[in-house]
Amino acid sequence: MRIATWNVNSITSRLQRLLAWLESTGTDVLCLQELKCAAEAFPTEPLRELGYEAAVNAGGRWNGVAILSRVGLEDPVVGLPGGPEYEGVTEPRAVGATCGGVRLWSVYVPNGREVDHPHFAYKLRWFAALRELVVRESGERPFAVLGDYNVAPTDEDVFDPAAFEGATHVTPAERRALAELRDAGLADVVPRPLKYDRPYTYWDYRQLAFPKNRGMRIDLVYGNPAFEATVRDAYVDREERKGKGASDHAPVVVDLDLRHGTA
DNA sequence: ATGACTTTCAGAGAAAGA
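Residues numbered from 1 in each chain as written. Chains lettered and ligands numbered in written order. Predicted model: local features only at pLDDT ≥ 70, side-chain atom pairs only at ≥ 80, totals over all residues. Heavy atoms only, no water.

**Describing the layout of surface pockets**
Step number 1: Taken as a whole, the largest pocket spans an internal volume of roughly 850 Å³.
Step number 2: Residue composition of the lining of the largest pocket, by class: 11 nonpolar, 10 polar and 11 charged. (1 Å grid on protein atoms, 1.4 Å probe; cavity = no way out; pocket = protein on both sides within 12 Å on 5 of 7 lines; lining within 4 Å. Points joined across faces, edges and corners; volume = space filled by probe spheres on them. Nonpolar A, V, L, I, M, F, W, Y, C, P; charged D, E, K, R; others polar.)

**Side note on the side chain of Arg-241**
Step number 1: In this structure, Arg-241 sits in the loop between strand E13 (231-236) and strand E14 (252-256).
Step number 2: One buried charged side chain, Arg-241, makes no salt bridge at all; its nearest oppositely charged neighbour is Asp-248, positioned 6.2 Å away.
Step number 3: From its side chain, Arg-241 meets the backbone oxygen of Asp-248 in a polar contact 3.3 Å long.
Step number 4: In contact with Arg-241, other than residues within four places in its own chain, are Trp-203, Asp-204, Tyr-205, Phe-210, Ala-246, Ser-247, Asp-248, His-249 and Ala-250. (Helix = DSSP H or I, 4+ residues; strand = E, 2+ residues; numbered from the N terminus. Buried < 20%, exposed > 50% of the residue type's maximum accessible area, 1.4 Å probe, protein only. Lys, Arg positive; Asp, Glu negative; His and termini not counted. Salt bridge = Lys/Arg side-chain N within 4 Å of Asp/Glu carboxyl O. Polar contact = N/O pair within 3.5 Å; in protein donor to acceptor, adjacent residues only side chain to side chain. Contact = heavy atoms within 4.5 Å.)

**Here we look at the UniProt feature "site: Transition state stabilizer" (unreviewed entry) in chain A**
Step number 1: Feature annotation in UniProt places "site: Transition state stabilizer" (unreviewed entry) on Asn-150, given in this structure's numbering.
Step number 2: Tracing the sequence through the fold places Asn-150 in the loop between strand E8 (143-148) and helix H4 (172-183).
Step number 3: Sequence-distant contacts of Asn-150, defined by excluding residues within four places in its chain, comprise Tyr-108, Val-109, Pro-110, Asn-111, Lys-123, His-169, Glu-174 and Ile-218. (UniProt positions renumbered as here; feature names shortened; annotations may be inferred.)

**Section: the pairing of strand E2 (residues 29-33)**
Step number 1: Burial of E2 is extensive: five of the five residues sit out of reach of the surface.
Step number 2: Residues Val-29, Cys-31 and Gln-33 of E2 are buried on one face, and the alternating residues Leu-30 and Leu-32, pointing to the opposite face, are buried as well.
Step number 3: Relative to E2, strand E1 (residues 2-7) runs parallel, the two sharing five bridges. When the sheet's bridge partners are listed, Ala-4 is paired in E2 with Leu-30.
Step number 4: Traced from E1 through helix H1 (residues 15-25) to E2, the parallel crossover comes out right-handed.
Step number 5: Where E2 and strand E4 (residues 65-69) come together, five bridges link them in antiparallel fashion. (Pairing = 2+ DSSP bridges. Right-handed = clockwise from strand over helix to strand, strands pointing away.)

**Focus on the packing of aromatic side chains**
Aromatic ring pairs: the centre-centre distance and the angle between the two ring planes describe each pair.
Step number 1: Going through the model one piece at a time under the given rule, you end up with six aromatic pairs.
Step number 2: Arranged with centres 5.4 Å apart and planes meeting at 35°, the rings of Tyr-149 and Tyr-222 form a pair that is tilted. With Tyr-149 in the loop between E8 and H4 and Tyr-222 in strand E12 (residues 219-223), this residue pair connects regions lying 73 residues apart in the sequence.
Step number 3: When the ring of Phe-159 is compared with that of Phe-164, the centres are 5.7 Å apart and the planes differ by 70°; the resulting orientation is edge-to-face.
Step number 4: On the accessibility criterion, Phe-164 (12% relative accessible area) is buried.
Step number 5: Every member of this aromatic cluster is reached through a ring pair, and the members are Phe-127, Tyr-149 and Tyr-222. (Phe/Tyr/Trp six-rings, centres within 6.5 Å; stacked < 30°, edge-to-face > 60°.)

**With respect to the nonpolar core**
Step number 1: Ile-3, Leu-104, Phe-227 and Val-254 are the most contacted members of the largest nonpolar core, which totals 29 residues.
Step number 2: If you list the elements that add at least two residues to this core, you get E2, E4, strand E6 (94-99), strand E7 (102-108), E8, E13 and E14.
Step number 3: Within the second largest apolar cluster, 24 residues are counted, among which are Trp-105, Phe-127, Val-134 and Ala-184. (Core = buried A, V, L, I, M, F, W, Y, C linked by side-chain atoms within 4.5 Å.)

Next up, the structure:
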């Protein structure tokens, strides 16, 4: 079974690329982030024509997540249980479902903006609620949280640590939040980069960041031991970052062999 | 060969992204 996570930066702008990518890669389950569409604008029909069901958490101009599946989609949960509000609003940043026997969550962790901004404290509260979810839901069956974590786990995961001094995405507090997910039993499934030495997943649109490979690894796959045991390969599909009309994030693809896992 | 921000809502340009 092939699963993936991709921040598409607007599903309506990316729809033709998305449909083509699903067909060319044969992906069975795709976790999406940054839909940037109203719930009623989600492209349910074209996806259904390709054979995908969808669990969607969308709410307008910003954020928005979904799980697409052509191997079944059961027990959907819309929203992060116990998740915090920002300025009185519960934003659409999480959706869960069981697909092909694997319990999955698609998450879009708050950006944080600046370390002294209220959005940063919100980001840490959001991670705390995510950890609680992991403690409750991760058991014996394969379980994974995929998405845009907006944190680079180590200095190796950014093109130049000096460029991020004082910035979000690299602070000890954010990295501690990832460590707490690992303490809760999840492991970072690090993908192959396909080119260059590091598996970046995001490159800024500006200043030739992609051709210069000035990237970050912030789209992550965190899985429990039963999930890890099924992983046969993982890579960043950087080809999808190329050309006109690309998202600023590339998909992270994970191939699972559910017959040979320990689950 | 990859390409110089992009997207949304709104109807200009701010906000958000990271």
